[in-house]
Amino acid sequence: MNIWIKGLVACLAAGSISVATAADRSSSPEDAYLYFISPAHGETVPGKLLVRFGLSGMGIAPAGVERGDTGHHHLLIDMDELPPADEPMPASDKLIHFGKGQTEAWIELAPGKHSLQLVLGNHHHVMHKPIVKSQKITVVVPQPPAEEDQDEKSGGLPGLFR
Ligand SMILES: [Cu+2]
C-alpha cells in the first residue's frame, strides 16, 4: 500500500475514534444553566404556544460555529431521559434543534400533560461537559371544549335557521 494512502487511512481511523468518544464535548462553566423564560412550570398553556429559552453564564452560537463557552438550544418534549452525552443529539419531533441560534420557538402540543426541558449542544450538537440544561418543567394543554357534542344535542337542522 502506498505510504500516503496508509497515512490517510490512519487519519480517518483516528478521526472516527475521536467522534465516538467524549473528545467532541466542549467544556462549560460550572455555573452555566438553561431555564424557561416562558412557559412557567405547571402552567396551563394553549396547544400552540411560544416557548422562550433562557441561558445564563454562556453565549449562543449557531450550529457549526466553534467558539468557547457557546452552544445552541435543544428542546426536549416528553423525553424521560437525556440522550447519550458523548454523541450528537439525534433530531426528532421530541428533540428539536435550534441550530440557527434561536432563543424562542412556537411549538404545538396535543391536549394533556407534557414535559419540556432545554439542553445546550455545541457546534457538533454534542452536550457540554458538564451538561448545560434546564429543569424539566410540566405544562398542561386543556382538552378542547366539546362543541360538536352540543351541536348534536341541539339538533342539526334547526341550527340552520337560527
Ligand atoms: Cu443541535
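That block above? That's the structure.
Residues numbered from 1 in each chain as written. Predicted model: local features only at pLDDT ≥ 70, side-chain atom pairs only at ≥ 80, totals over all residues.

Q: Summarise the sheet that holds strand E6 (residues 104-108); cite the residues concerned and give the values.
A: With respect to topology, three strands assemble into an open sheet ordered E1-E2-E6, the strand pairing being antiparallel. The two strands at the open ends of the sheet, each matched to only one other strand, are strand E1 (33-38) and E6. In this sheet, neighbouring strand axes are inclined to one another by 35 degrees on average, regardless of whether the strands run parallel or antiparallel. Two strands pair when backbone bridges link them, and strand E2 (residues 48-56) and E6 are joined in this way by five bridges, in the antiparallel orientation. Looking across to E6, one finds that Lys 48 is bridged to Glu 108. (Pairing = 2+ DSSP bridges. Helix = DSSP H or I, 4+ residues; strand = E, 2+ residues; numbered from the N terminus. Axes fitted to C-alpha atoms, helices over the stretch in contact; angles between N-to-C directions.)

Q: Hey, could you go over the pairing of strand E4 (residues 70-77) for me, with residue numbers and the actual values?
A: In the case of a regular strand, side chains alternate between the two sheet surfaces. Most of E4 is tucked away: seven of the eight residues are buried. Strand direction decides the pairing type here: strand E3 (residues 59-60) and E4, joined by two bridges, are parallel. What sits directly across from Ile 60, in E4, is Gly 71. Pairing of E4 with strand E7 (residues 112-121) involves six bridges; the strand directions are antiparallel. Bridge pairing links His 73 to Leu 120 in E7. Here three bridges tie E4 to strand E5 (residues 95-97), and the two strands are oriented antiparallel to one another. Within E5, the residue paired with His 74 across the bridge is His 97. (Buried ≥ 20, exposed ≤ 12 C-beta atoms within 10 Å, placed from the backbone.)

Q: So what about the pairing of E7? Which residues, and what values?
A: Pairing analysis gives five bridges linking E7 to strand E8 (residues 137-141), with the strands arranged antiparallel. Residue pairing for E8: His 114 is matched across the bridge by Val 139.

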